[in-house]
Structure formats: structure tokens, C-alpha cells
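# Notes for the structure review
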Amino acid sequence: MSCNWGTELWDQFENLEKHTSWGIDFLERYTKFVKERVDIELSYAKQIRNLSKKYYPKRNREDESRYTWCLAFAATLQQLNELAAQKEDLAENLNSQIVCELARYTQELKTERKTHFQDGRRAQQHIESSWKQLESSKRRYERDCKEAERAQHISDRIDVEKTDGEKRCSIKTRQTAQQKQQAAEESRKDYVTSLNQFNQDQHQHYHTLVPVIYQRIQDMEERRIERVSEAMRLSAEAERKVYPVLSHCLDAMMDAAESIQPRKDTRHVVDVYKTGFDPPGDIEFEDYSATMRRSISESSYLNNRAEGRRHSRKLWPFLRKNKLLNLLSSPRQPPPPPPTSPSPGAAVNSPHSPPTSSREPITQRLSDLMSSSSKTRKQCLRSIKRGLSLKLVSSPADCSHLPPEQRRKKLQIRINNINQEIQREKEQRDALLKMREVYERSPQMGDAGSLEPRLEEVKQNLQKMEEELRRIQVWLSETDSGLSDHSSRRQGGGCGLNSQATTPGSSSLKQLNKRSPASRESPDGSYTEDHNAELHFKSRSSEFDDEFDDEEPLPSIGTCKSLYPFQGQNEGTLSMVEGELLSVVEEDKGDGWTRVRRNLEEEGYVPTSYIKIFLDSSTKGAVTYI
């Protein structure tokens, strides 16, 4: 069915004006709707990102990278991040393709509508002025006709009743009547002309001008409706484009949930916390009836309790009272003096002690702690904690302070790391050898002799790492043999132990002495060694570390250059070669040691007299220790 506003709605100019104005208002309202949806999508994406960042596992939490349920949760958070990214893309597409385009089109539509309705109003004003002119000529013609008729009537009456005096008036009246008739004739002609002009203008208005103008308004309205349809289609299409990625994210979340393995996680708990110790044996019977006095037996439960109370501070370090003050009172040894010559052998073979803290610098740190701000106070606490942990947690190189199972895992990890370092050094050596061959064949590319120092350094590093690897492998074999002995004793030695336990009056002192150090246990099954004080310091340091689980690495305050080579043989020290550049983390507190960092990974103490320090301008300026 054909529809033409020019022919169907020729008399609805005001209604068309209202309708088109309402259509533009709808377009603006739809644009505002899409814009608010864009804001909602962006806000949702931002909240999802913040939520994912808030609950994402911390880098220093190793436990969350061990278990499948932690890994599944981390994968879910990653997919949430991807989902937020897709929401941001959707919002960007809606804003660029719909909001901006509709805003620009709305302005163009308003301008076009204004032009069309201005043309319609001019046409309407023209036909109204033509109609007014017709009405004016019509009234003038009517008035002239009435006046001419009245003048003719007066003239005829005078002609009938004329006298000598009236004859002269009759001629004048007849002349007036003739003038009126001529004016009426001219008014008639003007009326006819105005009537014809109005009919012509009216025909042109309703059959030519109005259809053209209304057709333009109709086309404008149809384009507006099509633009709204196109915007809705683009909105749905933009959302449909992100659905495959969202579906992929949801599938990944489902895969992460299905990847959780409860049995594997529980087995991993065993791998992490298993010590390899034997459970505590039966408590032997103490015969008090023979001498009617209390016999002395080391395996007695009551004696063990009294002995445990006497040595609780040595073997069971779980008290927190005065912990920090006790840790600060550790002995201190000075760092090694600088060698007289910068030869490598002068510093490598000399014994070194790990950096410790004396009473004087610790007192200074505590005074700084009490007089500093909250942020600085936190850094001071971390400084005290790290320095003490390096001193007190100076665990032996063979990890003998650990339980057998944990020692085996620790040694295995060290072996794997050393194997990786050896592989990297070998690759570097092969690359240097190939480069030397190239230089020998083409001397213009470089000097082959310049690579010899580096090759010698790589060779020495390989020798050191291979020696370290062999030493750790020996320790690992000892640990494995000890675990195998424990396993065989647990499987076949249970009855003998029970038979000894049921013998009245027998002493368990010899039996306890025959046990290996790894099998000595407390009455409740935990591991103790009376001769080893490192467990005491380890536990106290672990207690101290619990209060700083979420620590951050200290910022660098400058750089330093090593003047002499230094071989850090103890826990907490850092080895360096002559001329090496390192980052300074903490200045010398008066104990002769300076904390440095290498490659954001290795950190330790070096003698202050072995380095030349260049502090940043924001700290104290350039300071040199030589």
C-alpha cells in the first residue's frame, strides 16, 4: 500500500511537526540509554578487575602454587580478567559505533528538520497572503457594487421627480452613478484577477509544494527510523562478537574446576610436611618397688617432663616474651679486613662470618624505629628482622637441621637448580667457543684473545658448580640411606622395641643413645636435638618471620663497585668478583657489613671495606668506603 504524506496528510502540518520532534527526542533518549549502558559495562569491568586483583594469589605465597584448588582459583581469576577485558571492548564498540554516531546524526537531523519545516511555513504563509488578498478584493468589489447600486437608485428617483432646479441635480447624480459603476467594474476585474491568482496558488500549494516538502519530511523520518534500527542491530552484533570469548572464558573456568584433584592435593600435603621420623615408642616401666625410691631413668615420662621444663627454652622455643630483646643480644664477629692486594686468592680462602648486628647499631635502629613515621617504622622493623634472620637462621649447608624427608626435598631442589645453572654455563661456554672460532677464521670481526678471560671464568664457574653438585649428591645419598633404614626399622623392628619396653626395671638410656640423631624425638613425636642449638634459633626466627609475612623488598638506595673479590661461604653473605656492580639495599649500621642485591634476586651482606658505595642524591650523596 502506497503512502505519501503530501497527499494523505496535506492538512496535518502541525501534527507532522509534533511527530518529527517526538522522533528526535526518542533518538536522543535511545542514545542516552546506550551511553548509560556503556558506563555500566565499564563499571562492571572495573569492579571485576579490582575483585580479581584483590583475591589473586600473592607472589610470596608458595602454598597457593602447590595445590590444584589454588591453581584452579587463580585460573578462574585470570578468566575473570579476560571477561572484564571483553566487557571493556564491548563498551568501547558501543560508544564508538552507536553513541558518537547517533549524537552526530541527531544534530544533522535537527538541522534538516528545521530546513524542511521552514519551507513548509513559507509556503503556508504565501497561500495565506494570497487568500487575504482575495478577501480584500472581494470586499472592495462588494462595497463598490453596493455604492454603484445606491447611486443608480438615487439617480433614477431624481429623474422621475425632477423640476427645473432638480434637473441640474439629476445630471450631477447621473454622473456620480456612472463613476460608481466604473469603480465597481474595476473592483470586479481586481476580484477576478485575485480569485484566479489564489486558485492558481492554491493548486500549486496543495499539488506541488506541499507534496514535495512533506515527502522530504517523510524521507527524513524513515531515515531516522532506519538509523535507530541500525543502532539496535549494531548493539546486538557487538554483544554477539564477545559471546564466543565469554563462552571460552566460562569453558576455561569449568576446566579449572574439573582440574581440581583432592587426592593429589592431600598427597602433596604429605610431601610438604612429612618429616620421615619414627613415631614415639612405648614408655618403659619404671620399677620403684626395688629400692623404694625414685629411680633415675631418662626415658621416664615424668623425668622427661621435668627435663623438658628445664630445657624448654633450648628445645621448645615457642615463647614470645622478650623475644626481640633476646634476639638482639647475639654475639657479633667483625668482618674480614680488606686484602693488601686485589688478588683473587687473598679473599677467597679467608674465613668469613655472616653479617650480624651489634648492640650499638641495633640500638640506633630501635631509636630510629620509635621516632619515625608508620611507613618508615615498617621499613625499620623489616631491616631489624632481616638482619637478625640472616644471623640467627644461618642453617648448615647440608640442611642437617631439617627433618630427613624435608632435607631430601631441599637437597633435590638445590640439585635441580645447580643442574640448570650448569646447563646455562655450558651453553654460554659453547657460544663463546663458537665466537672464538669465528674470530680466528675472520680476525677483522674481533679479537679471539679477548674471549679467553671470559672462557676461563666460565670454566671456573663450572668446576665450582660441579663440585657443589657432587657434594650435595653425597648428602642426598646419605639422606636416602637414612630414610631407607628408618623404613626398614619401622616395618621389622616394632616387636623388638615392644619386648624391651615390657621388661621391668630396664633402662632406656642405652637405647636412646643408640638411635641416630635423625630419629631422636620428643615425647609428643616432634623432632629435637639437644646438641644442636640451631633449631632454637630457627624456631625463634620463624616466630619472628610470621609477623612479617607480607613484606616487600627494600628499595635500592644506591650502587656500589667491588674493590676486591669476596667469597661468601656462610649463610647471609653474598659472593662477588672484583669490579662487579651491585645495588645497595641497606647502609652499614656500624657492624662493618653492607647489604647489597644482584639482579633483583640474590641479596646478602658484603664487607663494607671491600666495596665503593655511590648513594643516590635523594639519600645522602656520594659516600665512599675504601
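Here is what the cut-offs are and how they apply
- Residues numbered from 1 in each chain as written.
- Predicted model: local features only at pLDDT ≥ 70, side-chain atom pairs only at ≥ 80, totals over all residues.
- Heavy atoms only, no water.
- UniProt positions renumbered as here; feature names shortened; annotations may be inferred.
- Helix = DSSP H or I, 4+ residues; strand = E, 2+ residues; numbered from the N terminus.
- Buried < 20%, exposed > 50% of the residue type's maximum accessible area, 1.4 Å probe, protein only.
- Areas by Shrake-Rupley, 256 points an atom, 1.4 Å probe, with all protein chains shown as cover.
- Polar contact = N/O pair within 3.5 Å; in protein donor to acceptor, adjacent residues only side chain to side chain.
- Contact = heavy atoms within 4.5 Å.
- Phe/Tyr/Trp six-rings, centres within 6.5 Å; stacked < 30°, edge-to-face > 60°.
- Lys NZ or Arg CZ within 6 Å of the ring centre and 35° of its normal.
- Patch = residues over 30% accessible without salt bridge, like charges linked within 9 Å, V, L, I, M, F, W, Y side chains within 5 Å.
- Salt bridge = Lys/Arg side-chain N within 4 Å of Asp/Glu carboxyl O.
- Core = buried A, V, L, I, M, F, W, Y, C linked by side-chain atoms within 4.5 Å.
- Pairing = 2+ DSSP bridges.
- Axes fitted to C-alpha atoms, helices over the stretch in contact; angles between N-to-C directions.
- pLDDT = per-residue confidence, 0-100.

As recorded by an unreviewed UniProt entry, the protein chain carries the name Formin binding protein 1 and is attributed to Nothobranchius furzeri. Turning to the protein chain, the UniProt annotation filed under Sequence similarities (unreviewed entry) states: "Belongs to the FNBP1 family."

Here we come to the overall build of the protein chain. Helix and strand content of the protein chain: 16 helices and 5 strands. The burial tally for the protein chain puts 35% of its 626 residues in the buried class. Of the roughly 39,200 Å² that the protein chain leaves accessible, carbon and sulfur atoms contribute 52%.

Turning our eyes to something else, we now look at the side chain of Arg597. The residue Arg597 is located in strand S3 (residues 593-598) in this model. Of note is the side chain of Arg597, whose polar atom sits 3.3 Å from the side chain of Glu603.

Moving on: the environment of Leu582. Of note, Leu582 is situated in strand S2 (residues 581-586). A relative accessible area of 3% places Leu582 in the buried class. Considering only alpha carbons, one finds Leu582 and Ile613, 31 residues apart in sequence, at a separation of 9.4 Å. With residues up to four places along the chain from it excluded, the contact list for Leu582 reads Gly558, Thr559, Cys560, Met576, Val596, Arg597 and Arg598.

Let us now look at the packing of aromatic side chains. Per the stated rule, a full pass over the model turns up 11 aromatic pairs. Between the aromatic rings of Phe13 and Phe117, the centroid separation amounts to 5.5 Å while the plane-to-plane angle is 65 degrees, which identifies the pairing as edge-to-face. Of this pair, Phe13 sits in helix H2 (residues 13-55) while Phe117 sits in helix H3 (residues 68-160), placing them 104 residues apart in sequence. Seen from their ring centres, Phe566 and Trp593 are 6.4 Å apart, and the 65 degrees between their planes marks the pair as edge-to-face. Note that Phe566 is positioned in the loop between strand S1 (558-562) and S2 and Trp593 in strand S3, a separation of 27 residues in sequence. Each member of the pair, Phe566 as well as Trp593, carries the same accessibility label: buried. Three or more aromatic residues link up through ring pairs in this structure, and these residues are Tyr564, Phe566, Trp593 and Tyr610. Looking at Arg227, its charged tip hangs above the ring of Tyr105, at a distance of 4.6 Å from the centre.

A word on a nonpolar patch on the surface. The grouping of Leu51, Tyr55 and Phe73 at the surface amounts to a nonpolar patch, some 290 Å² of accessible area in total. Inspection of the secondary structure puts Tyr55 in helix H2. According to the relative accessible area criterion, Tyr55 is partly exposed, its value standing at 44%.

We now examine the nonpolar core. For soluble globular proteins, nonpolar side chains are generally found buried alongside one another. By size, the foremost hydrophobic cluster in this structure holds 30 residues, and its most contacted members are Leu94, Ile98, Tyr214 and Ile217. Only H2, H3 and helix H4 (164-258) provide two or more residues apiece to this core. Sequence-distant contacts of Ile98, defined by excluding residues within four places in its chain, comprise Tyr30, Val34, Asn93, Ala231, Leu234 and Ser235. Ile418, Ile422, Leu451 and Met465 belong to the second-largest nonpolar core, a separate cluster that totals 17 residues.

Another point: the pairing of strand S4 (residues 602-607). On any regular strand, side chains alternate: one points to one face of the sheet, the next to the other face. As paired strands, S3 and S4 are joined by 6 bridges and run antiparallel to one another. The residue of S4 that forms the bridge with Arg597 is Glu603.

So, about the sheet that holds S2. Reading across the sheet, the 5 strands line up as S4-S3-S2-S1-S5 and stay open at both edges, with antiparallel pairing between neighbours. Whereas interior strands pair on both sides, the edge strands pair on one side only; in this sheet they are S4 and strand S5 (611-615). Pairs of neighbouring strands in the sheet enclose a mean axial angle of 40 degrees, with direction left out of account.

Another aspect to go through is the pattern of salt bridges. Under the defined criterion, the tally for this structure stands at 30 salt bridges. One salt bridge connects Arg140 with Asp190, and the closest N-O pair in it is separated by 3.7 Å. Taken together, the positions of Arg140 in helix H3 and Asp190 in helix H4 put the pair 50 residues apart, joining distant regions of the chain. A relative accessible area of 29% means that Arg140 is categorised as partly exposed. Residue class for Asp190 comes out partly exposed when judged on its relative accessible area of 38%.

A sequence separation of 50 residues divides Asp190 from Arg140, and the C-alpha atoms of the two residues are 9.1 Å apart. Residues within four places of Asp190 in sequence aside, it is in contact with Ser137 and Arg140.

Right, let's talk about the environment of Gln152 for a bit. Note that Gln152 resides in helix H3. Beyond its immediate chain neighbours, meaning those up to four positions away, Gln152 contacts Ala177 and Gln181.

So, about the confidence of the model for the protein chain. Here the protein chain shows a mean pLDDT of 75. Residues at 70 or above account for 68%. Across the protein chain, the element-wise mean pLDDT spans from 37 in helix H15 (residues 509-514) up to 94 in H2. Across residues 388-393 the pLDDT falls below 50, and counting only partners more than four positions away or on other chains, this stretch makes 21 contacts in the model. Counting interchain partners and residues more than four positions distant, the pLDDT-below-50 stretch residues 494-551 has 105 contacts.

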